[in-house]
Amino acid sequence: MSRFKGRVALPPRSAFDQFARESIGRLQAAALNATARAALTAKRKLRADMQGAGLGRLGNAVDHGSDAQKNGRVRTMGQGWSASGWLAIRSRSERTIGAIESYTAGAVITPKKGRWLWIATDDIPIRAGRQRMTPALYNKMGFASKIGPLVPVKAANGTPLLIVRNVGVSASGKSRSARSLTKRGLPRKGQTQADYIVAFYGIPNTSRQARVDVDQIIAEAQASLPDLIAQELGRR
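All values derive from a computational prediction rather than experimental measurement. (Residues numbered from 1 in each chain as written. Predicted model: local features only at pLDDT ≥ 70, side-chain atom pairs only at ≥ 80, totals over all residues. Heavy atoms only, no water.)

Caption draft 1: Spatial organisation of the pairing of strand β1 (residues 62–66). Among the five residues that make up β1, four are buried, leaving the element largely enclosed by the rest of the structure. Inspection of the sheet shows β1 paired to strand β4 (residues 85–89) by five bridges, in the antiparallel sense. Across the sheet, the residue bridging to H64 is L87, located in β4. (Buried < 20%, exposed > 50% of the residue type's maximum accessible area, 1.4 Å probe, protein only. Helix = DSSP H or I, 4+ residues; strand = E, 2+ residues; numbered from the N terminus. Pairing = 2+ DSSP bridges.)

Caption draft 2: Summary view of helix α6 (residues 214–234). With 21 residues, α6 ought to run about 30 Å at 1.5 Å a step, and its terminal C-alpha atoms sit 30 Å apart, in line with that. The largest bend along α6 reaches roughly 40° and is located at L225, with the proline P226 sitting one to four residues downstream. Of all the residues in α6, the buried ones are V214, I217, A221, L228 and E232. (Expected span 1.5 Å × (residues − 1). Bend = angle between axes of the 7 residues up to and from the residue.)

Caption draft 3: Focus on the pattern of salt bridges. In this structure the tally under the stated criterion is six salt bridges. Residue D63 pairs with K43 through a salt bridge whose shortest N-O separation is 3.7 Å. Of this pair, D63 sits in strand β1 while K43 sits in helix α1 (residues 13–52), and the two are 20 residues apart along the sequence. For K45, the salt bridge is made with D49, and the minimal N-O distance between the two is 3.4 Å. With a gap of four residues between them, K45 and D49 both fall in helix α1, about one helical turn apart. With relative accessibility at 27%, the residue D49 sits in the partly exposed group. Through salt bridges with shared partners, a single ionic network connects K43, D63 and R90. (Salt bridge = Lys/Arg side-chain N within 4 Å of Asp/Glu carboxyl O.)

Caption draft 4: Region of the structure containing unusual backbone geometry. The phi angle at N166 is positive, at roughly 50°, despite the residue not being glycine. Here N166 is to be found in strand β10 (residues 160–170).

Structure representation (structure tokens):
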């Protein structure tokens, strides 16, 4: 019997390179969209769980982000790449941040000195250098002269407060802008006079049990990624 050989001409290398680039591009776009969708779903789930746990609107301070939203590009790592989504607290209030962290991870709040843990409000500097602002640091750094002396009072619900009386604050509502009045007793340029501001509020030694399982929500979001990526690839 006679034999014969069939030959198939291969496409040029450039065609393979183009196919590889297009395939990787499609996968990267799918991964970007999938991680963005997973982060959004996780945020909605977390907010709903916080609402259901009786935390009111505290969940509104939780937000989500992704590489798709940030710059629309994957992150390269050597020969590889990644696409990410994440949850974050968008508030700068230490009180809000502390509450979310304690209700999602559990916490024991123990003052280092005295009965109360003093938390600075948005009207005064929250830090002095690298140190978190405390009443002792407030006085040590001269804020009693720059803003005004601290006066202890109690809120209607019994919460201890440290206030500053007769102080200037930003007329536009800018935070951390409190300043002492001038020698003539007038607010400085761009400020308006306030009868008082709350500089610190006190939190007693207490403990909080975690009410929302963030780790579980994140694990569910991660587990959903293969299906989400497949859905995104199917649209293309």
